[in-house]
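Overview (structure and organization)
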Amino acid sequence: MARHSVKDFTISRYKNENGFENVVVEIETEITKKFKYALSADTRQPSLEWIESLLKTGLTYARDNSSKIDISEYLERDYVFIKFPEEAVKDLGFISTQFTARKVS
């Protein structure tokens, strides 16, 4: 896992080429590379609203408290893991979270 400081982030929605809606998250960190993914609902993350809420909670806490997050990509399996600061998401029951994702340029 790569640990990163969150400088800023955006969360939006878009319809993919198949007409399904995705959540797009773009995370700006201390390095010049931005992390941008299109996330889909699945059995682990049952709705786009839940995905947006979890991302907003974890990333806002990390940014505002100068905490680090871990990002691991397994794009050959369409997965991204994001480990949020425990203090941010402990009430939600998730710390390291697997998302069905595709990298977006």
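These remarks concern the structure in this document. (Residues numbered from 1 in each chain as written. Predicted model: local features only at pLDDT ≥ 70, side-chain atom pairs only at ≥ 80, totals over all residues. Heavy atoms only, no water.)

Here Asp 91 shows up in the loop between α2 (86–89) and β6 (96–103). A residue is classified by how much of its surface remains accessible, and Asp 91, at 75% relative accessible area, is exposed. Counting along the chain gives 45 residues from Asp 91 to Pro 46, while the straight-line C-alpha distance between them is 18 Å. (Helix = DSSP H or I, 4+ residues; strand = E, 2+ residues; numbered from the N terminus. Buried < 20%, exposed > 50% of the residue type's maximum accessible area, 1.4 Å probe, protein only.)

Note: strand β1 (residues 2–15) against strand β4 (residues 68–74), 4 bridges, orientation antiparallel. Looking at β4, one finds that Ala 2 is bridged to Ile 71. Both β4 and strand β5 (residues 79–83) contribute to a ladder of 5 bridges, which runs antiparallel. Of the residues in β5, the one forming a bridge with Ile 71 is Ile 82. Connecting β4 to the antiparallel partner β5 that follows it, the hairpin turn spans 4 residues, and Asp 78 within it adopts a positive phi of roughly 60°. (Pairing = 2+ DSSP bridges.)

Let's shift gears to unusual backbone geometry. Notably, Ser 66 is not glycine yet its phi reads approximately 50°, a positive angle. By the element assignment, Ser 66 lies in the loop between α1 (48–64) and β4. A relative accessible area of 67% means that Ser 66 is categorised as exposed. Its identity is not glycine, yet Asp 78 carries a phi of approximately 60°, on the positive side. Inspection of the secondary structure puts Asp 78 in the loop between β4 and β5.

Under the definition given, this model contains 10 salt bridges. Here Asp 8 and Arg 63 are joined by a salt bridge, their closest N and O atoms 3.4 Å apart. Of the two residues, Asp 8 is situated in strand β1 and Arg 63 in helix α1; the sequence distance between them amounts to 55 residues. Close ionic contact of Arg 13 with Glu 52 constitutes a salt bridge, the shortest N to O distance being 2.8 Å. Of this pair, Arg 13 sits in strand β1 while Glu 52 sits in helix α1, and the two are 39 residues apart along the sequence. Exposure remark for Arg 13: the relative accessible area of 29% places this residue in the partly exposed category. Using a relative accessible area of 21% as the deciding quantity, one classes Glu 52 as partly exposed. (Salt bridge = Lys/Arg side-chain N within 4 Å of Asp/Glu carboxyl O.)

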